Amino acid sequence: MQSLVSDELWRQFEPLIPKHDRSPKGGRARKDDRACLEGIVYVLRGGLAWHLFPRAEFGVGKSTCFDRFTEWSNAGVFARVHRELLNELGLAGKIDLSAAVIDSASVRAVFGGHTPAPVR
């Protein structure tokens, strides 16, 4: 299978991942972060449900990838990577803001209208 995470993307992503020391209690070593990122990209890019994750292709399980996705999301890793990539593209003049779309699915419409009565 072709790599979903290029070396360039990994170089940008890796420094933002929170570091984890081995547990003093011992136990199994932490799974490879890059393999987890490959799995996360596979699921998100394909719109795949987590329970359909193909463990054999990535060498990590669905629960490991999901846990890592949750951990990195809570730590703001994806937001920082997104911001850095947008900054790079902006500096290179590759962002065209003349055709941007914002809707209530991506931006909360606080004063968008009244809430109808509950459905019985």
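Refer to the structure printed above.
So, here is what we can say about the structure in this document. All values reported here derive from a predicted model rather than from experimental measurement.

The rules behind each value
Residues numbered from 1 in each chain as written. Predicted model: local features only at pLDDT ≥ 70, side-chain atom pairs only at ≥ 80, totals over all residues. Heavy atoms only, no water. Helix = DSSP H or I, 4+ residues; strand = E, 2+ residues; numbered from the N terminus. Buried < 20%, exposed > 50% of the residue type's maximum accessible area, 1.4 Å probe, protein only. Contact = heavy atoms within 4.5 Å. Core = buried A, V, L, I, M, F, W, Y, C linked by side-chain atoms within 4.5 Å. Patch = residues over 30% accessible without salt bridge, like charges linked within 9 Å, V, L, I, M, F, W, Y side chains within 5 Å. Areas by Shrake-Rupley, 256 points an atom, 1.4 Å probe, with all protein chains shown as cover. Salt bridge = Lys/Arg side-chain N within 4 Å of Asp/Glu carboxyl O.

By the secondary structure assignment, glutamine 12 is in helix H1 (residues 7-13). Look at glutamine 12 and you get buried, because its relative accessible area is 16%. Residues in contact with glutamine 12, not counting those within four places in the same chain, are Glu84, Leu85 and Glu88.

For the rest of this paragraph, the subject is the nonpolar core. Among the nonpolar cores identified, the biggest contains 17 residues, and Trp10, Phe13, Leu37, Val60, Cys65, Trp72 and Val77 are the most heavily contacted of them. At the level of elements, H1, helix H2 (33-46), helix H4 (62-74) and helix H5 (77-91) are the ones that each hand at least two residues to this core. In terms of residue count, H2 provides more of this core than any other element does, five residues in total. Here tryptophan 10 is in contact with Val5, Pro15, Ile17, Asp33, Arg34 and Leu37, once residues within four sequence places are set aside.

With that settled, the discussion passes to a nonpolar patch on the surface. A contiguous nonpolar patch, built from Leu86, Leu89, Ile95 and Leu97 and spanning about 360 Å² of accessible area, is present on the exposed surface. Within the secondary structure layout, leucine 86 lies in helix H5.

Let's shift gears to the pattern of salt bridges. For the coordinates displayed, the defined rule picks out four salt bridges. With a shortest N-O distance of 2.4 Å, aspartate 33 and arginine 68 are connected by a salt bridge. Taken together, the positions of aspartate 33 in helix H2 and arginine 68 in helix H4 put the pair 35 residues apart, joining distant regions of the chain. A single network of salt bridges, built from pairs that share partners, joins Arg30, Asp33, Arg68 and Glu71.

Read these as layout, nothing more, since geometry by itself doesn't imply function.
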